[in-house]
Amino acid sequence: MAASLYTRLQADVDEHIRTSELPRLLGQTSDPTLYLSLVNTVWQEHCEHMIMIRSIFLYLDRTYLMQTQGLRSLWDMGLTLFRAHITTNEEVVRKTLTGLLRTIERERNGETVNRGLMKSLLRMFTALGQYNEAFERPFLEASNAYYKEEGCRKIQEIDVADYLKHVEGRLAEEADRVIQYLDVNTKKPIIMVVERQLLETHVADILAKGFSVLMNETRVDDLGRMYQLLARVSSLEKLRASFKDYIKATGVDIVTHPEKDATMVQDLLDFKARADSILDQSFHHNEAFAYGLKEAFEQAINSRQNRPAELVAKYIDARLKSGGSKGMSEEETESLFDRLMVLFRYIQGKDVFEAFYKKDLAKRLLLGKSSSIDTEKSMITRIKAECGSSFTSKLEGMFKDVALSKDLMDAFAAWQEVQAGKGAMITRPTIDINVSVLTTGFWPPYAPVEVKLPKEFIEVQDLFKSFYMSKYSGRRLQWQNSLGHCVLKANFPAGRKEIIVSLFQTAILMLFNDGKQVEYQEIAELTGIETKELRNTLASLTLGKAKVLNKEPKTKDIGDEDVFTFNSKFSAKLFRIKINSVQMKETAEEQTKTQEKVFEDRQYQVDAAIVRIMKMRKTLTHNLLMSEIIGQIKFQAKPADLKKRIESLIEREYLERDPNNPQLYTYLA
Amino acid sequence: MPEANADRLKYPIRCTAMYKATTHTHTPTHNTHTTPHIEATSSPKSRANNEGPANSKKIDEAFDKYQDPQDKDTIGPEGIGQLCGDLGVEPEDVSVLVLAWYMDAQRMGYFKRSEFAAGMTKLSVDTIPKLKNILPRLHKDLEDQAKFREIYRFAFFFAKEPEQKILDLATSEAMLRLIMLPSSPQIVEHFCEFLQTQTSYKSLNLDQWMSLLEFCRSIQADLSNYDENGAWPVILDEYVEWSRETWAK
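Because the structure is predicted, anything quoted here is derived from the model rather than measured. (Residues numbered from 1 in each chain as written. Chains lettered and ligands numbered in written order. Predicted model: local features only at pLDDT ≥ 70, side-chain atom pairs only at ≥ 80, totals over all residues. Heavy atoms only, no water.)

Participant: I'd like a rundown of the overall build of chain B, residues and numbers included.
Facilitator: Along the backbone of chain B there are 11 helices and 4 strands. Classification of the 249 residues of chain B by burial places 51% in the buried group. Nonlocal contacts in chain B, meaning residues at least 24 apart in sequence, comprise 70% of its contacts between residues at least 6 apart. Carbon and sulfur atoms make up 55% of the accessible area of chain B, which totals about 12,000 Å². (Helix = DSSP H or I, 4+ residues; strand = E, 2+ residues; numbered from the N terminus. Buried < 20%, exposed > 50% of the residue type's maximum accessible area, 1.4 Å probe, protein only. Contact = heavy atoms within 4.5 Å. Areas by Shrake-Rupley, 256 points an atom, 1.4 Å probe, with all protein chains shown as cover.)

Participant: Hey, could you go over the overall build of chain A for me, with residue numbers and the actual values?
Facilitator: Each helix and strand in chain A was counted, giving 27 helices and 9 strands. Compactness check: chain A gives a C-alpha radius of gyration of 45 Å against a globular reference of 26 Å for 669 residues, more than 25% above the reference. On the principal axes, the C-alpha backbone points of chain A span a range of 150 × 80 × 50 Å. Of the contacts formed within chain A by residues at least 6 apart in sequence, a portion of 70% connects residues at least 24 apart. Element-wise, carbon and sulfur atoms account for 53% of the exposed surface of chain A, whose accessible area totals about 34,900 Å². Each charge class in chain A can be summarised by its mean position, and for the 95 positive and 94 negative side chains these summaries are 3 Å apart. (Rg over C-alpha atoms; globule rule 2.2 N^0.38 Å. Lys, Arg positive; Asp, Glu negative; His and termini not counted. Charge placed at Lys NZ, Arg CZ, Asp CG, Glu CD.)

Participant: Describe in detail the pairing of strand β5 (residues 563–566) of chain A, supporting the description with residues and values.
Facilitator: In terms of strand pairing, strand β3 (residues 518–519) of chain A meets β5(A) through 2 bridges, oriented antiparallel. Its bridge partner being in β5(A), Glu519(A) is matched across the sheet by Val563(A). (Pairing = 2+ DSSP bridges.)

Participant: Before we move on, could you go through the side chain of Arg177(A) and cite the residues and values that matter?
Facilitator: Residue and element names in this part refer to chain A. Mapped onto the elements of the fold, Arg177 is located in helix α8 (residues 160–180). Relative accessible area serves as the criterion here: at 1%, Arg177 is assigned to the buried category. Filtering out sequence-adjacent residues up to four positions away, Arg177 remains in contact with Ile104, Glu107, Arg108 and Leu182.

Participant: Run through helix α5 (residues 90–108) of chain A, naming residues and quoting values.
Facilitator: Residue pairs three or four apart in sequence face the same way in an α-helix, which turns once every 3.6 residues. Residue and element names in this part refer to chain A. Over its 19 residues, α5 extends 27 Å from the first C-alpha to the last, a length consistent with the 27 Å expected when each residue adds 1.5 Å. Of all the positions in α5, only Glu91, Val92, Lys95, Thr96, Leu97, Gly99, Leu100, Thr103, Ile104, Glu107 and Arg108 are classed as buried. For α5, the capping residue at the N-terminal end is Asn89, with a side-chain oxygen 2.9 Å from the backbone nitrogen of Glu91. Among the residues trailing α5, Gly110 stands out with phi positive, at a value near 115°. (Expected span 1.5 Å × (residues − 1). Polar contact = N/O pair within 3.5 Å; in protein donor to acceptor, adjacent residues only side chain to side chain.)

Participant: Please provide a residue-by-residue account of the packing of helix α17 (residues 350–366) of chain A against helix α19 (residues 389–422) of chain A, values included.
Facilitator: All names here are of chain A. One can describe the packing of α17 onto α19 by two numbers: an axis separation of 11 Å at closest approach and a directional angle of 5°. In terms of axis orientation, α17 runs roughly parallel to α19. Residues Lys350, Glu354, Tyr357, Lys358, Leu361, Ala362 and Leu365 of α17 pack against Phe391, Lys394, Leu395, Met398, Phe399 and Val402 of α19. (Axes fitted to C-alpha atoms, helices over the stretch in contact; angles between N-to-C directions. Parallel < 35°, antiparallel > 145°, perpendicular 65-115°, else oblique.)

Participant: An account of the nonpolar core is requested, with residue identities and associated values reported.
Facilitator: Counting residues in hydrophobic clusters, the biggest one holds 122 residues, and the most contacted among them are Phe211(A), Met226(A), Phe283(A) and Tyr357(A). Once you skip the residues sitting within four places of it in the chain, Met226(A) turns out to touch Val160(A), Leu164(A), Ile206(A), Leu207(A), Phe211(A), Leu214(A) and Leu239(A). If you look at the next biggest cluster of nonpolar residues, it comprises 72 residues, including Tyr152(B), Phe156(B), Met175(B) and Phe194(B). (Core = buried A, V, L, I, M, F, W, Y, C linked by side-chain atoms within 4.5 Å.)

Participant: Requested: an account of the sheet that holds strand β7 (residues 619–621) of chain A, with residues and values cited.
Facilitator: Residue and element names in this part refer to chain A. Pairing is antiparallel across the open sheet formed by 3 strands, whose spatial order is β7-β9-β8. Strands at the two margins of the open sheet, each flanked by one partner only, are β7 and β8 (655–657). Strand-to-strand twist of the sheet, defined as the mean angle between neighbouring strand axes without regard to direction, takes the value 25°. One ladder, built from 3 bridges, connects β8 with strand β9 (residues 664–667); its direction is antiparallel. Counterpart to Glu656 in the pairing with β9 is Thr666. Across the sheet, helix α27 (residues 639–651) is in contact with β8 and β9; its angle to β8 comes to roughly 100°.

Participant: Just give me the short version of a negative patch on the surface, but keep the residues and values in it.
Facilitator: Residue and element names in this part refer to chain A. Taken together, the side chains of Glu330, Glu331, Glu332 and Asp374 define an acidic patch exposed on the protein surface. With 3 residues, helix α16 (residues 330–346) is the single largest residue contributor to the negative patch. Here Glu331 lies in helix α16. (Patch = residues over 30% accessible without salt bridge, like charges linked within 9 Å, V, L, I, M, F, W, Y side chains within 5 Å. Salt bridge = Lys/Arg side-chain N within 4 Å of Asp/Glu carboxyl O.)

Participant: Run through the sheet that holds strand β4 (residues 549–552) of chain A, naming residues and quoting values.
Facilitator: Residues and elements named next belong to chain A. Spatial ordering of the open sheet is given by β3-β5-β4, a layout of 3 strands whose pairing is antiparallel. Both edges of this open sheet fall to β3 and β4, since each of them pairs with a single strand only. Each of β4 and β5 touches helix α23 (residues 531–542); the most contacted strand, β4, lies at about 110° to it.

Participant: Break down the packing of aromatic side chains for me, citing the residues and quoting the values.
Facilitator: All names here are of chain A. Across all of its chains, the model carries 41 aromatic pairs over all chains by this definition. Relative to Phe289, the ring of Phe243 lies with its centre 5.8 Å away and its plane at 40°, an arrangement referred to as tilted. Placement of Phe243 in helix α12 (residues 236–255) and of Phe289 in helix α14 (residues 287–301) is noted, with a sequence separation of 46 residues between them. In this pair, the class of Phe243 matches that of Phe289, namely buried. Linked through ring pairs, Phe412, Trp415, Phe464, Phe467, Tyr468, Tyr472 and Trp479 together constitute an aromatic cluster. Residue placement shows Lys350 over the ring face of Phe344; its charged tip is 5.3 Å from the ring centre. The ring centre of Tyr357 lies 5.6 Å from the NZ or CZ of Arg364, which sits over that ring. (Phe/Tyr/Trp six-rings, centres within 6.5 Å; stacked < 30°, edge-to-face > 60°. Lys NZ or Arg CZ within 6 Å of the ring centre and 35° of its normal.)

Participant: Talk me through the pattern of salt bridges; I want residue IDs and the actual numbers.
Facilitator: Evaluated as defined, the whole model comprises 66 salt bridges over all chains. The salt bridge partner of Glu173(A) is Arg170(A), with a shortest N-O separation of 3.0 Å. On the criterion of helical spacing, the pair formed by Glu173(A) and Arg170(A) is a turn pair, its members being 3 residues apart in helix α8. Residue classification places Glu173(A) among the partly exposed positions, given a relative accessible area of 28%. Judged by relative accessible area, which is 5%, Arg170(A) ranks as buried. Note that Asp60(B) and Arg113(B) form a salt bridge whose closest N and O atoms lie 3.1 Å from each other. Of this pair, Asp60(B) sits in helix α2 (residues 54–66) while Arg113(B) sits in helix α5 (residues 113–122); the two residues are 53 residues apart in sequence, bridging distant segments of the chain.

Participant: Can you lay out the side chain of Glu310(A) for me, pointing to particular residues and giving the numbers?
Facilitator: All names here are of chain A. Along the chain, Glu310 turns up in helix α15 (residues 307–320). A distance of 2.5 Å separates a polar atom in the side chain of Glu310 from a polar atom in the side chain of Lys314. Setting aside residues no more than four positions away along its own chain, Glu310 makes contact with Val352, Phe356, Gln591 and Gln595.

Participant: Run through the interface of chain B and chain A, naming residues and quoting values.
Facilitator: The interface is formed by 15 residues belonging to chain B together with 14 residues belonging to chain A. Carbon and sulfur atoms make up 43% of the area that chain B and chain A hide from each other, which totals about 1,200 Å². Per-residue buried area on chain B facing chain A is highest for Asp207(B), Ala231(B) and Val234(B); these three make up 43% of the total on that side. Across the contact surface, chain B and chain A share 3 salt bridges. (Buried area = accessible area lost by both parts, 1.4 Å probe.)

Participant: Can you lay out helix α6 (residues 115–127) of chain A for me, pointing to particular residues and giving the numbers?
Facilitator: Residues and elements named next belong to chain A. Under the 1.5 Å per step criterion, the end-to-end length of α6 is 18 Å for 13 residues, consistent within 8% with the ideal 18 Å. For α6, the complete set of buried residues consists of Leu117, Met118, Ser120, Leu121, Leu122, Met124 and Phe125. The secondary structure elements touched by the buried residues of α6 are α2 (32–56), α4 (74–87), α5 and α7 (131–157). Where α6 begins, the side chain of Asn114 points an oxygen toward the backbone nitrogen of Gly116, at a separation of 3.1 Å.

Participant: I'd like to hear about the environment of Glu45(A), residue by residue, with values.
Facilitator: Within the element layout of this structure, Glu45(A) appears in helix α2. Placed 205 residues apart in sequence, Glu45(A) and Thr250(A) show a C-alpha to C-alpha distance of 69 Å.

Participant: An account of the pairing of β4(A) is needed here, citing residue identities and associated values.
Facilitator: All names here are of chain A. Alternating residues of β4 divide into Leu549 and Lys551, all buried, and Asn550 and Glu552, none buried. Here β4 pairs with β5 via 4 bridges, running antiparallel. Bridged to Leu549 within β5 is Phe566.

Participant: Which residues make up unusual backbone geometry, and what are the values?
Facilitator: Residues and elements named next belong to chain A. Geometrically, the link from Glu552 to Pro553 is a cis peptide bond, its omega value of -10° lying close to zero. Along the chain, Pro553 turns up in the loop between β4 and β5. Positive phi is not limited to glycine here, since Ser234 has a value of about 50°. As for its placement among the helices and strands, Ser234 is situated in the loop between α11 (220–232) and α12. Residue classification places Ser234 among the exposed residues on the basis of a relative accessible area of 68%. For Lys618, which is not glycine, the phi torsion reads 70° and is therefore positive. Turning to its location among the elements, Lys618 is positioned in the loop between α25 (588–617) and β7.

These results come straight from atomic positions and should not be treated as a statement about function.
Set out below in structure tokens:
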């Protein structure tokens, strides 16, 4: 009885569906939205009906149908029949699908749609087991096409930052759509569609069009967004490459333009700080990115030989001089030096840095221009940490000499007392002297310059010399006149002044003590100063800011016929006036000389390396020798330059070419 | 071109007046080139004239004809001019250079008695007519690759100033033209032009000189097999670069 009941029920439901439900959906409105409502209505009614039927025939459902295999429950039966007649009907399916997709498209285009309706219909398909076939697949296809078109269009229309925001928006939208009415399993595929069409296919464009702009303007948020989005489509490697290329290009631009030299170091520091903040905030300090940054900086800073190293040394010099770190707290100064050390680490060819740093340090120490000895020493410690103690041992020697010289002066004074007490015939000096004794080798090389100093100077120098020799036998002292400076007490009618002048300036000024005028030639003879130096020094006394001497005629240059007089009208605001600033400045000649010395040293290093290598290997091909040399030297060298050194050694008969193989060299013992 | 050496271009010149009248003593040189071996193919006539010890006397007599009035043991530039006349060759003829090589002469323009004697002996001749006979044979020596190299190397030491280790550009050009022109005319012309236009080098050293020979022997006319990363001296790298630029059109 149950069986026949079931069969009759089934037939009834079947008929009902066929005759009263289905026709309502055929040949109806062509408006998709209305049609959807229609379908939904039919479906809802069907569900209601089936629920009621099931309630009525509950006993049947729970007993007979459950126990009998091969028979569906009433609910399922209803579904099966519904599906068989309605949702496999071509027209129904087509129009329903069109309606659904059209609705979604409208929603994507910004319209508000009836989400409840959508949800209901999609649940219907799910219930009917047709979700994937009837909906999801076409949905994904349609979405693919939609986003493909959108991607290609939008990328042209708006700038990259906005585009990325848009993409972010779309992703959020689709996720929301899933929650609102799509089946949860559709989330992954639809997100993938969006990612692929909006991001993956356009990665190259995104990077090409927008990356530099965002970097230039340090748009941390936009860059962060880019990072997140590209991470989704496994394109971080491309982003990293763009990052590295940008850093390198910008760095090279800062470094390789001579007209920008004055600000190179500051620009580099600023740029590095900017790049670091982007790395941290936008790229979450991704290790691969950090490495790319480091590599790019290294390549950029070494794209130009020698000059960056020199400029970093000069920058540090400016900061270590008194007044150099004005307006910066100690913490800020320390952090600045740490950042400078990072740049220093990137530089190859650190010997250029050493040469200039040494030269500037010497000047600071000897002219008392350091703002703080502690800061100086902490800088040395930093350099030592980077380069090892052999690099800094000479610099440290310079500090020792300065400290030692202070002690020497105390001992000198004491010695004079003792000598006087003994009744030894020494002339007590009429002028105060402060001597710095420099150990040759620690300090930069200074060519001794001749100048005829006044008697009093010679006396006190000799006195010191006898003192020094009494302490240290076997040493030779040589006075470096170019490094000396004096404090002269000057009595101008307008007021007494103390002027700080170089030794050369002093020698000249002392000639005017008897108030008479002196001619150029006389000055030249009496002081014995070399012509170019003499002209520069006279210019500093007559044509500079502090004109302590007058010059006739009042031309802009120093001429051989000029006549000089004491400027009785001289006045100035301060009591102590420095006119020896020319000593502190680096002349163009000094700079070239320092650079040349570095290149000379490098040549010796190459020669020594070649001899060392060949001595060990006896014979070696050209290519192997070249790579061995490059492996041993610590700076970049052009292959042509290395070849020249090889040729020079051949000429000097350290090596020879093998007569049978021109590519082979043999060591000549 | 340096004027001071203009006269050396005309080695061995006809007019002695233009030769530098220096009074160098012959300084011992450090030549390491090998001394020439005599070819076994001497003509039957000269073999028949091989007389043994009596040779040296005849050689001396031959020498005396050209000796310098101030220095009996030296033939000076004038004497050489005469000698060439008697041999029927121009002083610029390359066979004179080969002859100098047989003599292991230390200095261009001068033959010492010992050098003259050594050369004549090696060539198995003792009179000037006999020497004149075999002179054409000397050209043949240049066709032997190994001998050519030795003669080429000898030329460097022969043509340079005794105290110097380098050969000035003008003399280099002249010697190159003399020796190399027959076998490698194009490269010689180009290279000489290059030497004239460039400014970094004022002379050639032995290494560069010998490398040039190697270059002519192994590098193709279109320079396609030249490797600037190889062991070639830098001057040749520069020559190739110049050559490519100038002759690219």
